[in-house]
Amino acid sequence: MEPKGFAIGGLFSQIERQKLSPPSVIVIGGGISGIAAARALSNASFRVTLLESRNRLGGRVHTDYSFGCPIDMGASWLHGVCNENSLAPLIRCLGLKLYRTSGDNSVLYDHDLESYALFGRDGHQVSQQLVIEVGETFERILKETVKVRDEHANDMSLQQAISIVLERHPHLRQEGLAYEVLQWYICRMEAWFAADVDTISLKNWDQEHVLTGGHGLMVQGYYPVIKALAEGLDIRLNHRVAKIIQRYNRVIVTVENGTTFVADAAIITVPLGVLKANTIKFEPELPEWKVSAISDLGVGNENKIALRFSTVFWPNVEVLGTVAPTSYACGYFLNLHKATGHPVLVYMAAGRFAYDIEKLSDEEAVKLVMAQLRKMLPDAAEPIQYLFSRWGTDPDSLGSYSCDLVGKPADLYERFCAPVDNLYFAGEAASVDHSGSVHGAYSSGIAAAEDCRRRLSLLHGISDLFQIVLREEMSTEVMVPLQISRM
Ligand SMILES: Cc1cc2nc3c(=O)[nH]c(=O)nc-3n(C[C@H](O)[C@H](O)[C@H](O)COP(=O)(O)OP(=O)(O)OC[C@H]3O[C@@H](n4cnc5c(N)ncnc54)[C@H](O)[C@@H]3O)c2cc1C
C-alpha cells in the first residue's frame with residue numbers, strides 16, 4: 001500500500017506546490033499570438049500577466065465599430081477555410097460566419113475572378129474575357145519563373161525573373177490594355193505579400209504552406225475571436241514594454257512609466273517591425289543569431305481606407321479594380337456590401353504605395369481614393385464616414401506583416417521563433433509555415449506557450465498533468481460546421 005500512498009501523496013504535494021506558487025509568465029503583446037499564449041498558460045494553471053502597449057487588444061486584428069457595423073482595418077480573412085486551420089475550432093465554437101471569396105489556388109489568392117469588375121483608365125469596364133486571358137498568361141509567366149529559379153543558384157526578385165521569362169517568351173508579353181491588366185495582377189500579388197514585386201524573393205514566394213478550403217471573410221469581424229480568448233486573463237492595457245532583463249532564471253520587464261514586472265519567463269509577441277526598431281532594450285543583449293534573424297526578415301506594409309456611403313451605387317461584385325501602366329498606380333476596392341450587407345467599400349494599398357499613402361492626411365488620402373472610384377463610377381457619392389489605417393508608421397506595429405526578402409537565409413523563421421533561455425518568441429513572423437496570417441500567429445502563440453510550460457514545469461518539478469488543453473477543449477465542438485456563404 002505504501003508506495004501507492006506515497007505516489008498519491010507525492011502527487012498531492014506537487015499539486016499543492018503548484019497551487020501555492022505556480023510558475024509565472026509575462027506575455028508581451030496582446031495580439032492574437034500573445035492572447036493565445038496567455039490563454040494556454042492560464043489554462044495550465046500558470047500565473048500569467050499580459051502587457052499590451054495600446055489601449056485595446058487585438059494588435060493587427062482591429063475590428064472598428066464606429067460605422068455601426070464591424071470593419072476590420074487589419075486582418076479580415078481566414079486563409080484556409082478547413083478543419084486543419086488552427087482557428088477553425090474557435091470560429092465554429094463562436095458561430096462566426098464566413099463569406100468565401102475564393103476557392104483553392106486562385107491566381108488572385110483570396111479572390112476568384114468571377115466576381116470582379118476591372119476598369120480601364122478611360123473609365124470603361126475591361127471585358128471579362130480579357131481579364132481571364134491575361135490571368136491565364138500571368139499564371140504561365142509565374143510557372144516559367146520556377147524554371148528560372150531552378151537554373152540560378154542565387155536568389156533574385158520576382159520582377160527580375162518575370163523580365164527573364166518575357167525576354168525568352170515574347171508571346172507572353174502583353175500590350176496596351178492587356179499590359180495594364182497584367183500590372184493589376186501584379187498589384188494583387190503585391191497586396192498578398194504586402195511588398196513590391198521587385199523585393200519579393202523568387203526562391204520563396206511560392207513556398208508558403210497554404211491551407212485548403214479557400215479564403216473566407218469574417219463577416220462579423222475578427223474581434224469576437226480575440227474577445228473570447230482574452231476572457232478572464234490578467235491583461236494590462238497601456239503598458240508599453242521598454243526593457244527586458246534576464247537574471248538568475250527570472251525575467252524583469254519594465255514598462256515605459258517605470259513599473260516593473262518579474263516572472264519566471266516571458267513570451268515576446270510584439271511585431272517584427274517593433275523588434276527591428278530596437279525600442280525594447282534587452283539585457284543582456286540578444287545573441288547575434290537572433291539579432292540577424294530580426295534584421296534579415298522583411299516587413300511589408302498594407303493599408304486600408306474604409307468608406308461608408310449612405311446608399312449603394314456600385315455594381316454587385318466583390319471587387320472593383322482600376323488598371324494602370326504600373327502596378328503602383330493600379331487600385332482596388334473590396335465591396336463589403338456583398339459579404340455583409342453594409343454600404344461600405346474598402347480600398348487597399350500595399351508595398352511602397354502603402355507607405356506613401358501614410359504621408360497624406362486622412363482627408364487627402366480619402367480624396368485620392370475617391371478620385372480612383374470616380375474614374376470607374378463618375379457619379380460616386382461622397383462617403384459619410386471613413387477610416388484610414390497607418391500600419392507602417394504606427395509605433396505598435398511598424399509594418400503589416402513579415403515577408404521574404406531577396407537572398408536571405410532559409411532558416412530565418414526558425415531562428416526568429418527559437419527561445420533565448422527563458423525568453424520565448426511568438427507572433428506571425430515566428431510562424432514557420434503560416435507567417436503573415438492570424439492562424440499562423442495563433443499557432444505560434446500556442447507553440448511558444450507549450451515550450452515555456454515544459455521548461456518551467458521541469459524547473460519547478462511539476463508533473464505533466466497540466467498540459468496545454470486549448471485545442472483539445474475546443475475540438476469537442478467539431479460537430480458544429482463552419483458557417484460559410486457566398487452570395
Ligand atoms: C492590413 C492588414 C491586413 C491583413 N489581412 C489578413 C487577413 O486577411 N488574414 C490573415 O490571416 N492575416 C491578415 N493580416 C495579418 C495578421 O493581422 C497578423 O499576422 C496577425 O494579426 C499578427 O498577430 P500577432 O499576435 O503576431 O501580432 P500583433 O497583432 O501585432 O500583436 C502584437 C501586439 O504587441 C503590442 N505591442 C507592440 N509593442 C509593444 C510593446 N513595446 N509593449 C507591449 N506591447 C507591444 C501591439 O500593440 C500588439 O497588440 C493582415 C494584417 C494587416 C496589417
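The rules behind each value
As a convention, each chain's residues are numbered from 1 in the sequence order in which they are written. It should be noted that, the model being predicted, local features are given only for residues of pLDDT at least 70 and side-chain atom pairs only at 80 or more, the latter also being counted only at that level, while totals for whole chains, interfaces and linings use all residues. A set of buried residues drawn from Ala, Val, Leu, Ile, Met, Phe, Trp, Tyr and Cys, joined through C-beta atoms within 7 Å, is what defines a nonpolar core. Put plainly, a residue is buried at 20 or more neighbouring C-beta atoms within 10 Å of its own, exposed at 12 or fewer, and partly exposed in between, counting only other residues' C-beta atoms, which are placed from the backbone. Domain delimitation follows an automatic or database domain assignment. Once C-beta atoms have been placed from the backbone, residue pairs whose C-beta atoms lie within 7 Å are recorded as contacts. In this text, helices come from DSSP runs of H or I with a minimum length of four residues, and strands from runs of E with a minimum of two, each type numbered from the N-terminal end. Working rule for helices: expected span equals 1.5 Å times residues minus one. DSSP bridges decide pairing: two strands pair if at least two such bridges lie between them. In this analysis an axis means a line fitted to C-alpha atoms, helices contributing only their contacting stretch, and an angle means the value between N-to-C directions, from 0 to 180 degrees. UniProt positions are given in the numbering used here, feature names are shortened, and annotations may be inferred rather than shown by experiment.

A.B. asks: Help me understand the nonpolar core, please; the structure alone is not making it clear to me.
C.D. replies: Side chains of a nonpolar character, in soluble globular proteins, are inclined to be buried together. Among the nonpolar cores identified, the biggest contains 131 residues, and Val25, Ile28, Ala37, Leu41, Ala266 and Ile267 are the most heavily contacted of them. Here this core gathers at least three residues from each of two domains, domain 1 (2-61 + 221-299 + 399-409 + 418-481) and domain 2 (105-209 + 301-388). With sequence-adjacent residues up to four places away left out, Val25 is seen in contact with Leu41, Phe46, Val48, Ala263, Asp264, Ala265, Ala266, Ile267 and Cys452.

A.B. asks: Just to check I follow, could you spell out helix H14 (residues 438-459) for this structure?
C.D. replies: For an α-helix, the turn length of 3.6 residues means that residues three or four places apart are oriented alike. Here H14 contains 22 residues, and its C-alpha end-to-end distance of 32 Å stays within 8% of the 32 Å for a straight helix at 1.5 Å per residue. Phi for Gly461, located one or two positions after H14, is positive at around 60°.

A.B. asks: So what exactly am I meant to see when it comes to the sheet that holds strand E12 (residues 260-263) here?
C.D. replies: With mixed pairing, the 4 strands of this open sheet are ordered in space as E12-E11-E10-E14. In this open sheet, the two edge strands, each paired with only one partner strand, are E12 and strand E14 (281-283). Taking the axes of each pair of neighbouring strands and ignoring which way they run, one obtains an average angle of 15° across the sheet. As paired elements, strand E11 (residues 250-255) and E12 share 4 bridges and run antiparallel to each other. Bridging across to E12, Ile252 finds its partner in Val262.

A.B. asks: Hey, could you run me through the UniProt feature "binding site: substrate" (unreviewed entry) in the chain in this one?
C.D. replies: Following the UniProt record, one finds the feature "binding site: substrate" (unreviewed entry) at Val241 and Tyr347. What stands out for the annotated residues spanning 107 residues is how far apart their C-alpha atoms range, the widest pair being 33.0 Å apart. When you line up the elements, Val241 lands in strand E10 (residues 241-247). Residue Val241 is classed as buried on the basis of its 23 C-beta neighbours within 10 Å. If near-sequence neighbours (up to four positions away) are discounted, Val241 is found in contact with Ile28, Leu51, Val253, Val255 and Ile280. Contacts of Tyr347, omitting those with residues within four sequence positions, involve Lys304, Ile305, Gly331, Phe333 and Val369.

A.B. asks: In this structure, what is going on with unusual backbone geometry? I would like to understand it.
C.D. replies: Note on backbone geometry: most residues besides glycine have negative phi, and most peptide bonds are trans. The omega torsion of the bond from Glu283 to Pro284 falls at -5°, within 30 degrees of zero and hence cis. Along the chain, Pro284 turns up in the loop between E14 and helix H9 (288-296). You will see that Ser45, though not glycine, has its phi angle at about 70°, which is positive. Mapped onto the elements of the fold, Ser45 is located in the loop between helix H2 (32-43) and strand E2 (47-51). For Ser45, a count of 16 C-beta atoms within 10 Å gives the class partly exposed. Residues other than glycine seldom take positive phi values, yet Asn249 does so here, at roughly 60°. Mapping Asn249 onto the fold places it in the loop between E10 and E11. Asn249 gets classed as exposed once you count the C-beta atoms within 10 Å, which come to 11.

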